[in-house]
Amino acid sequence: TNLIDIKGVTHAYKTENGPLPVLENLNISVPEGDFCAVVGPSGCGKSTLTRLIAGLIKPDEGEVWLHGERVTSPRSTVGMAFQNPVLLEWRTILDNVLLPLEIVPNSMSKRQKQDRARDLLALVGLDGFEDKRPSELSGGMRQRASLCRSIVHKPDVLIMDEPFGALDAFTREDLWQTMHRLRAEEPFTGVLITHDLRESVYLADEVIVLSGRPATTQHVENVKLSGR
Ligand code: ADP
Ligand code: ADP
């Protein structure tokens, strides 16, 4: 079954100069557990697509479905990860990762929440850094911590908008390996927005190209290539 179904979605922004068509007749299906990469040039509507999936904006035409439900408003079952993660400096790394568990209703005990956050941090190689402040960590480590925070409450889907774009090439490849490790332990469905084709092929099960103006979807077959 598909976790995400985007059916014939068209969207234009309303601007002073009239409507700005951005996306036209988008069709994307992501099976549960898969990672889908969306690649395309700057300004083609990739961030707009993430807002539509997250329910932050509504399409002019077409429908967005998540887990068999039509998306019409923002929801906590969608995790988001961005290029510049905002970690709270007055909280430790552990307490930053715990945030979603404090906000999203759940039946976990305090102990269970702590264990869950610690397990995730260990999985991404941050054991021993639980009590540090964000500014004491490198950029790559902060991105790792923020990944943990994005999935700690087990969202249905993780949407990543250029998550590794601000990192140097070495750190970025490190993070790719971290992603594979995370997914092996904890299967989750993901949408990865990137303009790095190598990244899309390394991380995703399916690559979708957004192109044209307004942009539409081109599905790329056979991306399950070597090197994975
Ligand atoms: P990308 O993420 O691929 O760079 P965006 O989705 O951010 O693309 O933007 C697509 C187009 O829509 C761009 O031309 C951008 O200027 C425009 N745009 C984005 N957000 C808004 C907005 N809130 N209001 C008006 N235009 C917008
Ligand atoms: P990353 O590749 O995660 O950005 P760096 O290249 O900056 O990390 O740092 C390499 C290694 O140095 C880290 O994986 C970590 O083991 C160690 N390190 C970085 N910052 C600290 C710190 N504040 N305290 C202790 N060790 C650190």
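Residues numbered from 1 in each chain as written. Chains lettered and ligands numbered in written order. Predicted model: local features only at pLDDT ≥ 70, side-chain atom pairs only at ≥ 80, totals over all residues. Heavy atoms only, no water.

### As for unusual backbone geometry
And then number 1: Backbone torsion omega between Arg 213 and Pro 214 reads -5 degrees, so that peptide bond is classified as cis.
And then number 2: Tracing the backbone shows Pro 214 in the loop between strand S9 (206-211) and strand S10 (216-220).
And then number 3: The backbone phi angle of Lys 154 is positive, close to 50 degrees, even though this residue is not glycine.
And then number 4: Note that Lys 154 resides in the loop between helix H4 (139-151) and strand S7 (157-161). (Helix = DSSP H or I, 4+ residues; strand = E, 2+ residues; numbered from the N terminus.)

### Considering the nonpolar core
And then number 1: Counting 35 residues, the largest nonpolar core has Leu 147, Met 160, Phe 164 and Met 179 as the members making the most contacts within it.
And then number 2: Of all the elements in the fold, those that place two or more residues in this core are strand S3 (35-39), helix H2 (93-103), helix H3 (110-123), H4, S7 and helix H5 (169-185).
And then number 3: Setting aside chain neighbours within four positions, we find Phe 164 in contact with Gln 143, Leu 147, Arg 172, Leu 175, Trp 176, Met 179, Glu 199 and Leu 203.
And then number 4: Judged by nonpolar contacts, the second largest core, of 27 residues, contains Val 38, Val 71, Val 191 and Ala 215. (Core = buried A, V, L, I, M, F, W, Y, C linked by side-chain atoms within 4.5 Å. Buried < 20%, exposed > 50% of the residue type's maximum accessible area, 1.4 Å probe, protein only. Contact = heavy atoms within 4.5 Å.)

### Re the site of ligand 1
And then number 1: Taken together, Tyr 13, Leu 20, Val 22, Pro 41, Ser 42, Gly 43, Cys 44, Gly 45, Lys 46, Ser 47, Thr 48 and Arg 51 make up all the residues around ligand 1.
And then number 2: Taking Ser 47, its main chain carries an N or O atom lying 2.8 Å from an oxygen atom of ligand 1.
And then number 3: In the complex, 63% of the free accessible area of ligand 1, which totals 560 Å², lies under the protein chains.
And then number 4: Breaking the shell around ligand 1 down by element, the ones donating at least two residues are strand S2 (18-31) and helix H1 (46-53).
And then number 5: Residues belonging to the shell around ligand 1 are distributed by class as follows: five nonpolar, five polar and two charged. (Near = heavy atom within 4 Å. Polar contact = N/O pair within 3.5 Å; in protein donor to acceptor, adjacent residues only side chain to side chain. Areas by Shrake-Rupley, 256 points an atom, 1.4 Å probe, with all protein chains shown as cover. Nonpolar A, V, L, I, M, F, W, Y, C, P; charged D, E, K, R; others polar.)

### Let's talk about the confidence of the model for the protein chain
And then number 1: Across the protein chain, pLDDT averages 91, with 96% of residues at or above 70.
And then number 2: The ipTM assigned to the predicted complex is 0.71, against a pTM of 0.84. (pLDDT = per-residue confidence, 0-100.)

### What about the site of ligand 2?
And then number 1: Surveying the vicinity of ligand 2 reveals the residues Phe 129, Glu 136, Ser 138, Gly 140, Met 141, Arg 144 and Thr 171.
And then number 2: Backbone polar atom of Glu 136 to a nitrogen atom of ligand 2: 2.4 Å apart, as the coordinates give it.
And then number 3: The protein chains hide 46% of the 550 Å² of surface that ligand 2 would expose on its own.
And then number 4: Tallying contributions element by element places H4 first for the shell around ligand 2, with three residues.
And then number 5: Its residues assigned to classes, the shell around ligand 2 comprises two nonpolar, three polar and two charged.

### Regarding the environment of His 180
And then number 1: Looking at where His 180 falls in the secondary structure, it is placed in helix H5.
And then number 2: Residues His 180 and Leu 203 lie 23 residues apart in sequence; the distance between their C-alpha atoms is 7.4 Å.

### Structural notes on the packing of H3 against H4
And then number 1: Two elements in contact, H3 and H4, have axes separated by 9 Å at closest approach and are oriented at 140 degrees. In terms of their interaxial angle, H3 and H4 are classed as oblique. For H3 against H4, the interelement crossing comes out right-handed. Within the contact between the two elements, H3 uses Arg 116, Leu 120 and Leu 121 and H4 uses Ala 145, Cys 148 and Ile 151.
And then number 2: Grouping the constituent residues of the contact of H3 with H4 by class yields five nonpolar, no polar and one charged. (Axes fitted to C-alpha atoms, helices over the stretch in contact; angles between N-to-C directions. Parallel < 35°, antiparallel > 145°, perpendicular 65-115°, else oblique. Left-handed = near helix turned anticlockwise from the far one by under 90°.)

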